[in-house]
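For reference, the chains in residue letters:
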Amino acid sequence: MRPFSINIRGRVKNFNLPKNQPLVPLFEAIVNAIHAIGERKSTDPSFEGQIIIRILRDGQFVLDGTGELPQIQSFEIIDNGIGLDDNNMKSFLQSDSTYRADKGGKGVGRFSWLKAFSKTHIESVYKDSNDDIWVKREFEFSLDMLDIDDRLEEEKSADENRTCVSLIDYLPSYRKYVNKNAETIAMKIMQHCMIYLMSPKCPQIYVIDDERYNVNSLFEKKIYR
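Going along each chain's sequence as written, the residues are numbered from 1 onward. pLDDT decides what is reported in this predicted model: residues at 70 or higher carry local features, side-chain atom pairs at 80 or more are listed and counted, and totals for whole chains, interfaces and linings draw on all residues regardless. Based on all heavy atoms of the structure, the side-chain values leave hydrogens and waters out of the count.

Novice: Just checking my understanding: could you explain the packing of aromatic side chains for this structure?
Specialist: Stacked, tilted and edge-to-face pairs are distinguished by plane angle, under 30 degrees for stacked and over 60 for edge-to-face with tilted covering the rest, among Phe, Tyr and Trp rings (Trp via its six-membered ring) whose centres lie within 6.5 Å. Evaluation of the coordinates by the stated rule reveals five aromatic pairs. Ring geometry for Phe 92 versus Phe 141: centroids 5.1 Å apart, planes at 70°, classification edge-to-face. You can see Phe 92 sitting in helix H3 (residues 86-92) and its partner Phe 141 sitting in strand S5 (residues 133-141), a full 49 residues away along the chain. Each member of the pair Phe 92 and Phe 141 is classed as buried. When the centroid spacing of 6.3 Å and the interplanar angle of 75° are considered together, the rings of Trp 113 and Phe 141 count as edge-to-face. In this pair, Trp 113 sits in helix H4 (residues 109-116) while Phe 141 sits in strand S5, placing the two residues 28 residues apart along the sequence. Per residue, the accessibility class of Trp 113 equals that of Phe 141, and both read buried. Members of the aromatic cluster, connected to one another through ring pairs, are Phe 92, Trp 113, Phe 139 and Phe 141. Taking the ring centre of Phe 47 as reference, the NZ or CZ of Arg 40 above it sits at 4.0 Å. The ring of Tyr 206 has Arg 212 sitting right over it, with the charged end atom 4.2 Å from the ring centre. A run of H or I in DSSP becomes a helix once it reaches four residues, and a run of E becomes a strand once it reaches two; helices and strands are each numbered from the N terminus. Burial classes: relative accessible area under 20% of the type maximum marks a residue as buried, over 50% as exposed, and values in between as partly exposed (1.4 Å probe, protein chains only). We call a charge positioned above a ring when the Lys NZ or Arg CZ atom is no farther than 6 Å from the ring centre and deviates by at most 35 degrees from the ring normal.

Structure, rendered in structure tokens:
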């Protein structure tokens, strides 16, 4: 178990996240995934990066004839980047970390997760370069967790890097401002990540709800041409 180097409750309380910007935590998780893929690609240029954003709703589609969608409750952001290795874990436990400052990272985005969601669950599987074995790091990130269990477990069945950040249970004050339409959310992701989408090295980004939306294709069709 390792403690944070800062007061989590105080840091989250002082984090400014307007209620009408409920997708900022999602954007932060996606940008983290893009950076993790870029970090892996720097040592393995041939690998193809991919990010999957799953939308999880309160329930099934409403069958009252209106076709109204249920509210969005949670998100899962899955990438095949470098994983939450020791360097990235050390950065995660520090406030205002400069570990990814050269890539534009400010080291505070994860606090927005707890500003808008009740908790976050993180699971990261990657190959440990020191021992040459597949390992898994898994923990909950919430205001109730003052310490992080950052122990590594061997993951014998793994054959590919996979990190999943689950943003769980929107707080009501933010949830009511979230657009229910998945394509609209994909468009907003495209707008936020435009600088990354302009690069040929940008990973493929998918939003999955009842349908599958490719953010890169949206950028190609609506902006780039």
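Moving on from the model shown.
Novice: Please clarify how the confidence of the model for the protein chain should be interpreted in this entry.
Specialist: As a note on interpretation, predicted positions should not be read in detail where pLDDT is low. The predictor's confidence in any single residue is recorded as pLDDT, a number from 0 to 100. Taken over all residues, the pLDDT of the protein chain has a mean of 89, while the share at 70 or more is 89%. The criterion used for residue contact is that any of the two residues' heavy atoms lie within 4.5 Å. Here residues 98-106 scores under 50 on pLDDT; set against residues more than four positions off or in separate chains, the count is 15 contacts.

Novice: What am I meant to see in the packing of helix H2 (residues 24-41) against helix H6 (residues 182-192) here?
Specialist: Packed helices, taken two at a time, are described by the angle their axes make and the gap between the axes. Each axis is a line fitted through C-alpha atoms, taken for helices only over the stretch in contact, and angles between the N-to-C directions span 0 to 180 degrees. For the pair H2 and H6, the least separation of the axes is 11 Å and the interaxial angle reads 60°. The angle between the axes of H2 and H6 places the two elements in the oblique class. In the packing of H2 onto H6, the handedness of the crossing is right-handed. On the side of H2, the interface is formed by Leu 26, Phe 27, Ile 30 and Val 31, while H6 contributes Ile 185, Lys 188, Ile 189 and His 192. Small angles under 35 degrees read as roughly parallel and large ones over 145 as roughly antiparallel, with 65 to 115 read as roughly perpendicular and the rest as oblique. Handedness of a crossing follows from how the near helix is turned relative to the far one, being left-handed for an anticlockwise turn of less than a right angle and right-handed for a clockwise one.

Novice: Even after reading the chapter, I still don't get the pattern of salt bridges, so can you show me in this structure?
Specialist: Pairs can form between side chains of opposite charge once their charged atoms are near each other. Salt bridge, as used here: a side-chain nitrogen of Lys or Arg that lies within 4 Å of a carboxyl oxygen of Asp or Glu. One pass over the structure, following the stated rule, counts 10 salt bridges. For Asp 209, the salt bridge goes to Arg 57, with nearest N and O atoms at 2.7 Å. With Asp 209 in the loop between strand S9 (204-208) and strand S10 (212-214) and Arg 57 in strand S2 (residues 50-57), this pair connects stretches of sequence that are 152 residues apart. With relative accessibility at 18%, the residue Asp 209 sits in the buried group. Its relative accessible area of 12% is what places Arg 57 among the buried residues.

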